[in-house]
Amino acid sequence: MEKPSNLLLKVAHRLFDDTDEQAKFIAALVNPQPFAPCIIWCQDKLEVSPFAVETPTLWQPEFVDRLSLGEKPGQHPLHQQGYFYCLDFSSVFAASVLLTINQPVPLVFDMCAAPGGKSVFAWKALKPDLLISNEVIGKRLGMLISNLKRCHIQPSCVVNRDSSIFVEMFAESSNLVLVDAPCTGQSLLAKGEKAPGCFHHTAINKSANRQKRIIANSAQIVAPQGYLVYMTCTYSPEENEQVCEWLLARFPQFQAVEVSHLSKYQSHLTSIPCYRMFPQDGLGAGAFTVLFKNMNEGDAKQINLNNLAVIHQM
Ligand SMILES: C[S@@+](CC[C@H](N)C(=O)[O-])C[C@H]1O[C@@H](n2cnc3c(N)ncnc32)[C@H](O)[C@@H]1O
């Protein structure tokens with residue numbers, strides 16, 4: 001086994017009191033094991049699955065299948081026909097907080113959308129009247145648009161703006177805002193990928209500051225009684241629990257909502273109901289997720305899409 005860096009040892013130590021758990025976490029990062037591939041059925045599921053499927057977890061929605069190791073769903077002809085979208089099971093875990101929403105969600109706004117996994121999940125789970133998928137990085141728009149087109153995700157539109165632009169334009173308009181925030185990407189290591197500098201405190205602080213800016217802008221476009229989801233694929237508390245604590249102090253109209261199906265994944269680093277999946281659990285490389293509700297009363301403000309340069313509409 002490769003030798004873990006001092007920074008990784010430090011993170012493991014901060015995350016877990018238990019030395020066995022620290023060792024399992026470190027092993028999952030320095031000696032990555034494959035995770036079962038996963039798909040979201042965008043069209044109706046076929047009666048006979050073209051893939052070998054793993055036993056679903058108790059909280060897994062019926063439109064998601066976790067496939068056996070070795071299945072290559074991206075190479076199947078049904079993929080190109082838009083029957084399903086391929087993603088990590090960690091993403092399903094993070095997005096599964098949406099399954100707890102039991103009120104109509106006419107407008108979903110995905111602030112950090114490319115390549116589109118959470119947009120597709122939200123569309124499938126909540127059937128909004130409109131999905132707006134925003135991606136600020138121009139080079140990432142192509143894959144977002146082609147995924148939404150391929151999977152027939154409609155009605156939807158794609159925009160390409162910095163989150164600050166929406167604060168006034170879309171104030172208090174969206175029944176659900178997704179923030180799948182850019183992060184240091186520490187969980188990439190558990191997939192055998194590289195994330196240089198991901199445990200360095202400068203990178204973590206820079207990322208946390210960016211996350212606070214994005215979530216603060218996003219919070220302001222959530223309609224009264226609407227929801228805000230915050231997710232990352234990284235482990236450091238500065239980018240996760242501490243961003244949530246900062247948000248709740250800054251925007252006291254928000255409350256974190258308990259998600260009962262994820263109770264066994266409750267983060268032990270805070271008393272806020274927020275949830276973590278770790279790579280040593282064997283399901284996915286890792287994720288953090290939390291669902292906030294805007295407790296203010298009132299009506300959602302109407303949006304005017306003409307104010308926005310819509311890049312693609314379906
Ligand atoms: C974790 S990825 C999103 C993955 C996507 N939600 C999905 O499920 O497929 C984070 C995204 O945030 C975008 N991003 C980077 N900087 C940003 C910023 N300042 N504001 C908003 N989004 C940003 C990245 O380009 C990237 O597409």
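Being a predicted model, the structure only gives us computed values, none of them experimental.

Go over the site of the ligand with me, naming the residues and quoting the values.
Taken together, 16 residues form the shell around the ligand, and within it Cys112, Gly117, Glu135, Arg140 and Asp180 come nearest. Between the ligand and Gly116 there is a distance of 3.0 Å, counted from an oxygen atom to a backbone nitrogen or oxygen. Backbone polar atom of Gly117 to an oxygen atom of the ligand: 2.9 Å apart, as the coordinates give it. More than half of the atoms belonging to the ligand lie within 2 Å of the grid points that define the largest pocket. Listed by contribution, the elements that provide at least two residues to the shell around the ligand are helix H5 (117–126) and helix H8 (201–219). For the shell around the ligand, the per-class residue count stands at nine nonpolar, two polar and five charged.

I'd like a description of the layout of surface pockets, backed by residues and values.
By volume, the largest pocket amounts to about 970 Å³. Secondary-structure elements contributing two or more residues to the lining of the largest pocket are strand E3 (84–87), helix H4 (89–95), H5, H8 and strand E8 (222–232). Here the lining of the largest pocket is built from residues that sort into 20 nonpolar, nine polar and eleven charged. In this structure, the second largest pocket occupies an estimated 380 Å³ of space. Surrounding the second largest pocket, 18 residues form its lining, Glu2, Leu29, Val30, Leu189 and Glu193 being those nearest its centre. Looking at the lining of the second largest pocket, the elements that each hand over two or more residues are helix H1 (6–15) and helix H2 (19–30). A class-by-class count of the residues in the lining of the second largest pocket yields eleven nonpolar, three polar and four charged.

Got a sec to walk through the packing of H1 against H2? Specific residues and values, please.
Closest axis-to-axis distance for the H1/H2 pair is 9 Å, and the angle between their directions is 140°. Between H1 and H2, the angle falls in the class oblique. Handedness of the crossing formed by H1 with H2: right-handed. Here Leu8, Leu9, Val11, Ala12, His13 and Leu15 of H1 lie close against H2, whose contacting residues are Gln22, Phe25, Ile26, Leu29 and Val30. Residues belonging to the contact of H1 with H2 are distributed by class as follows: nine nonpolar, two polar and no charged.

Before we move on, can you summarise unusual backbone geometry with the specific residues and values?
Both trends apply: most residues other than glycine have a negative phi, and most peptide bonds are in trans. Looking along the chain, the bond that leaves Ala114 and enters Pro115 is cis, with omega of 5°. You can see Pro115 is positioned in the loop between strand E4 (107–110) and H5. Between Gln154 and the following residue, Pro155, the backbone shows a cis peptide bond with an omega angle of 0°. Along the chain, Pro155 falls in the loop between helix H6 (141–150) and strand E6 (156–159). Phi angles above zero are rare outside glycine, and Glu172 is one such case at about 50°. Assignment of secondary structure puts Glu172 in the loop between helix H7 (163–169) and strand E7 (174–180). Backbone geometry places Gln225, a non-glycine residue, at a positive phi of 70°. Secondary-structure assignment places Gln225 in strand E8. The exposure class assigned to Gln225 is partly exposed, which follows from its relative accessible area of 22%.

How would you sum up the UniProt feature "binding site: S-adenosyl-L-methionine" (unreviewed entry) in the protein chain? Please name residues and give values.
In the UniProt entry, the feature "binding site: S-adenosyl-L-methionine" (unreviewed entry) is given for Cys112, Ala113, Ala114, Pro115, Gly116, Gly117, Lys118, Glu135, Asp162 and Asp180. Put simply, the named residues that line the largest pocket are Cys112, Ala113, Ala114, Pro115, Gly116, Gly117, Lys118, Glu135, Asp162 and Asp180. With a relative accessible area of 15%, Cys112 lands in the buried category. Ignoring any residue separated from it by four or fewer positions in sequence, one finds Cys112 in contact with Asn134, Glu135, Leu178, Val179, Asp180, Ala181, Pro182 and Ile214. Topologically, Asp162 is positioned in the loop between E6 and H7. Given a relative accessible area of 26%, Asp162 falls into the partly exposed group. Not counting residues up to four positions away in its chain, the partners in contact with Asp162 are Val136 and Arg213. Within the structure, Asp162 has its side chain in polar contact with the side chain of Ser164 (distance 2.7 Å).

Conventions used here
Residues numbered from 1 in each chain as written. Predicted model: local features only at pLDDT ≥ 70, side-chain atom pairs only at ≥ 80, totals over all residues. Heavy atoms only, no water. Near = heavy atom within 4 Å. Polar contact = N/O pair within 3.5 Å; in protein donor to acceptor, adjacent residues only side chain to side chain. 1 Å grid on protein atoms, 1.4 Å probe; cavity = no way out; pocket = protein on both sides within 12 Å on 5 of 7 lines; lining within 4 Å. Sits in = over half its atoms within 2 Å of the grid points. Helix = DSSP H or I, 4+ residues; strand = E, 2+ residues; numbered from the N terminus. Nonpolar A, V, L, I, M, F, W, Y, C, P; charged D, E, K, R; others polar. Points joined across faces, edges and corners; volume = space filled by probe spheres on them. Axes fitted to C-alpha atoms, helices over the stretch in contact; angles between N-to-C directions. Parallel < 35°, antiparallel > 145°, perpendicular 65-115°, else oblique. Left-handed = near helix turned anticlockwise from the far one by under 90°. Contact = heavy atoms within 4.5 Å. Buried < 20%, exposed > 50% of the residue type's maximum accessible area, 1.4 Å probe, protein only. UniProt positions renumbered as here; feature names shortened; annotations may be inferred.

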